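Examination of the molecular architecture
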Amino acid sequence: MSLKEAKDLLAKLVGFDTTSAKPNLDLIAFVQYYLAGHGIASTLVTSTDGDKANLYATIGEGPGGIGLSGHSDCVPVTGQSWTSDPFTLTERDGRLYGRGTCDMKGFIACVLASVKLFKTGALKEPIHIIISYDEEVGCAGVRPLIARLGADLPRPRAVIVGEPTSMQVIDAHKRIDAYRTTVTGKEAHSSLPSLGVNAISVAAELIGELDRVAAEIASTENDPRFEPPYSTVSVGMIDGGTAVNIVPKSCEIRWQVRSLPRVPAGQVPNTLAAFAERALLPKMRKVAPAASVETESQTSVPAFTAAPQSDAVALAMALTGANRTSVVSYATEAGLFEEAGCPAVICGPGDIAQAHAADEFVSVAQIEACLKFLEDLTARLRA
Ligand SMILES: [Zn+2]
């Protein structure tokens, strides 16, 4: 019964194109209406421009409770080649295909399909449904909601973040810091390059330094729980120049550091700034006194490390029957919940290998496993 409901709900959720760049209000309105149909009120925490909203809904009464948290947004399908329409749920060979099925509308569908069950008897402590936006863009959306926990929204005593872990219990992940470095040089005719400062060439040297730093980190850090077992540095975008016969005045690179939980943030940009100051800027300034290399922090997502004896981890282990925990290299909202004093754990249906990919899917078996997990959670909250 609830498997069919979960599939129907997943079909509805996948039908809303909630790519992060687009509004998610239609999906949120659908969830709000669905919950209202079960007599459950929702609180919306809306973005400043009003285009997007987080949803918070509580079933049951009393302090504490268990948060079930999922993000409503998904990554773009641009440039991907799909066998079937990404926004139409399609079942083939025991798999449910569609954008967001794995990451992470499958989890949200399971939670919504379990609402009837959550409501069938008294709960010793409440269940809180938390649906966010803009997770895929630096976990930006959930932050104003988290800021209200313990103020006008109840603070759960444990939060289960249902990202795709194949229902494994995850108790740590890396931190992400994204940066933009802008090189300002000086334009000149390309026949007289010595009169200019070539911003692209300077950016190339900066990229070389980032690669050198990355190699140094890889040879010094080692936390075998993570794959790879060290912090990584990666340049993702470059943009510079106006024409092939002009020495370019400006160039911008965007790059990212994914660090092990215990590594302090900010070391790589400091190293890069020191390199620029020592090896690049003196000669740039001889030609153009205003030449510069500036690095700005764009977004950061905190690492997640569950506290020792975390209630959330213990709960997920009991519900899945796992006797060990694992870690992941991707980032989630779990670190933000943990920082806000809500013990968190990551455990949800689907394999991260299918997330963000063409022909994204979640298997029916994973949906069943998640429904069972929620059923056991309900039994535990009722006993
Ligand atoms: Zn996700």
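A brief report on the enclosed structure follows. (Residues numbered from 1 in each chain as written. Predicted model: local features only at pLDDT ≥ 70, side-chain atom pairs only at ≥ 80, totals over all residues. Heavy atoms only, no water.)

1. As for the sheet that holds strand E14 (residues 292-301)
- Spatial ordering of the open sheet is given by E11-E13-E9-E14, a layout of 4 strands whose pairing is antiparallel. Looking at which strands have only one partner, the edges of the open sheet turn out to be strand E11 (232-240) and E14. Strand-to-strand, the axes of this sheet are offset by a mean angle of 20°, without reference to chain direction.
- Examined bridge by bridge, strand E9 (residues 175-184) and strand E13 (residues 250-259) share 10 bridges and lie antiparallel to one another. Across the sheet, residue Val 183 finds its bridge partner in E13, namely Cys 251.
- Sheet strands touched by helix H6 (residues 199-220): E9, E11, E13 and E14. Its angle to E13, the strand with the most contacts, is close to 10°. (Pairing = 2+ DSSP bridges. Helix = DSSP H or I, 4+ residues; strand = E, 2+ residues; numbered from the N terminus. Axes fitted to C-alpha atoms, helices over the stretch in contact; angles between N-to-C directions. Contact = heavy atoms within 4.5 Å.)

2. Quick notes on unusual backbone geometry
- In this chain, Asp 103 is followed by Met 104 through a cis amide linkage whose omega measures -10°.
- Position of Met 104 relative to the elements: it lies in helix H3 (residues 101-113).
- Cis geometry is adopted by the peptide bond preceding Pro 228, which originates at Glu 227 and carries an omega value of -10°.
- Mapped onto the fold, Pro 228 is located in the loop between H6 and E11.
- Phi at His 356 takes a positive value of approximately 70°, unusual for a residue other than glycine.

3. Considerations on the pairing of strand E7 (residues 158-161)
- Here E7 shows no split at all, with Ala 158 and Ile 160 on one side and Val 159 and Val 161 on the other all buried.
- Summarising the sheet, strand E3 (residues 66-71) and E7 pair through 4 bridges and their orientation is parallel. By the bridge assignment for E7, Gly 67 is matched with Val 159.
- In this sheet, strand E17 (residues 344-346) lies alongside E7 in parallel orientation, the contact comprising 3 bridges. Opposite Ile 160, over in E17, you have Val 345 as the bridge partner. (Buried < 20%, exposed > 50% of the residue type's maximum accessible area, 1.4 Å probe, protein only.)

4. Concerning the nonpolar core
- Grouped together as the largest cluster of nonpolar side chains are 80 residues, with contacts concentrated most on Val 31, Leu 35, Leu 68, Phe 337 and Leu 374.
- When neighbours within four sequence positions are excluded, Leu 68 is seen to be in contact with Phe 107, Val 111, Phe 118, Ile 127, His 128, Ile 129, Ile 130, Ile 160, Leu 374 and Leu 377.
- In terms of nonpolar packing, the next biggest core, distinct from the first, is built from 26 residues, Tyr 179, Ile 217, Leu 272 and Leu 281 among them. (Core = buried A, V, L, I, M, F, W, Y, C linked by side-chain atoms within 4.5 Å.)

5. What about the coordination of the zinc ion?
- Distances from the zinc ion to its protein donors, His 71 (NE2), Asp 103 (OD), Glu 163 (OE) and Glu 163 (OE), fall at 1.8 to 2.7 Å.
- Because the angles between the 4 donor atoms bound to the zinc ion fall within 53 to 140°, the donor set is best described as irregular.
- Between consecutive donors of the zinc ion, the numbers of intervening residues give the motif H-x31-D-x59-E. Of the two residues, His 71 is situated in strand E3 and Glu 163 in the loop between E7 and strand E8 (170-173); the sequence distance between them amounts to 92 residues. Of the two residues examined, His 71 and Glu 163, each falls in the buried class. (Donors = N, O, S within 2.8 Å, 3.2 Å for Na, K, Ca; no water. Tetrahedral: all angles 85-135°; square planar, octahedral: opposite > 155°, others 65-115°.)

6. Re H6
- The terminal C-alpha atoms of H6, which comprises 22 residues, lie 32 Å apart, in line with the 32 Å expected from a rise of 1.5 Å per residue.
- Looking only at H6, the buried set comprises Ala 199, Val 202, Ala 203, Leu 206, Glu 209, Leu 210, Val 213, Ala 214 and Ile 217. Axial view of H6: buried residues confined to an arc of 145°, hence all on one face.
- On its buried side, H6 packs onto E9, E11, E13, helix H7 (267-287) and E14.
- By the N-cap criterion, in which a side-chain oxygen at the helix start approaches the backbone nitrogen of a residue two or three places on, H6 is capped by Asn 198, the distance to Ile 200 being 2.9 Å. (Expected span 1.5 Å × (residues − 1). Arc of directions from axis to C-beta. Polar contact = N/O pair within 3.5 Å; in protein donor to acceptor, adjacent residues only side chain to side chain.)

7. A look at the pattern of salt bridges
- All told, the structure shown has 18 salt bridges when counted by the stated rule.
- Close ionic contact of Glu 205 with Lys 283 constitutes a salt bridge, the shortest N to O distance being 4.0 Å. Of this pair, Glu 205 sits in helix H6 while Lys 283 sits in helix H7, and the two are 78 residues apart along the sequence.
- Residue Lys 283 is classed as partly exposed on the basis of its relative accessible area, which comes to 48%.
- Between Arg 254 and Glu 252 there is a salt bridge; the shortest N-O distance is 3.2 Å.
- Accessibility expressed as a relative area gives 22% for Glu 252, which makes it partly exposed.
- Through salt bridges with shared partners, a single network forms among Glu 125, Arg 157 and Asp 311. (Salt bridge = Lys/Arg side-chain N within 4 Å of Asp/Glu carboxyl O.)

8. Some words on the packing of aromatic side chains
- Under the counting rule described, the total for this entry stands at 4 aromatic pairs.
- Consider the rings of Phe 16 and Phe 30, whose centres lie 5.9 Å apart with planes at 40°: the pair is tilted. Separated by 14 residues along the polypeptide, Phe 16 in the loop between helix H1 (2-15) and helix H2 (25-37) and Phe 30 in helix H2 bring together distant segments of the chain.
- Residue Phe 30 is classed as buried on the basis of its relative accessible area, which comes to 16%.
- Aromatic side chains Phe 30 and Tyr 34 sit 6.5 Å apart centroid to centroid with 35° between the ring planes, which places their arrangement in the tilted category. Remark: Tyr 34 and Phe 30 occur in helix H2; sequence separation between them is 4 residues, near one turn of the helix. (Phe/Tyr/Trp six-rings, centres within 6.5 Å; stacked < 30°, edge-to-face > 60°.)

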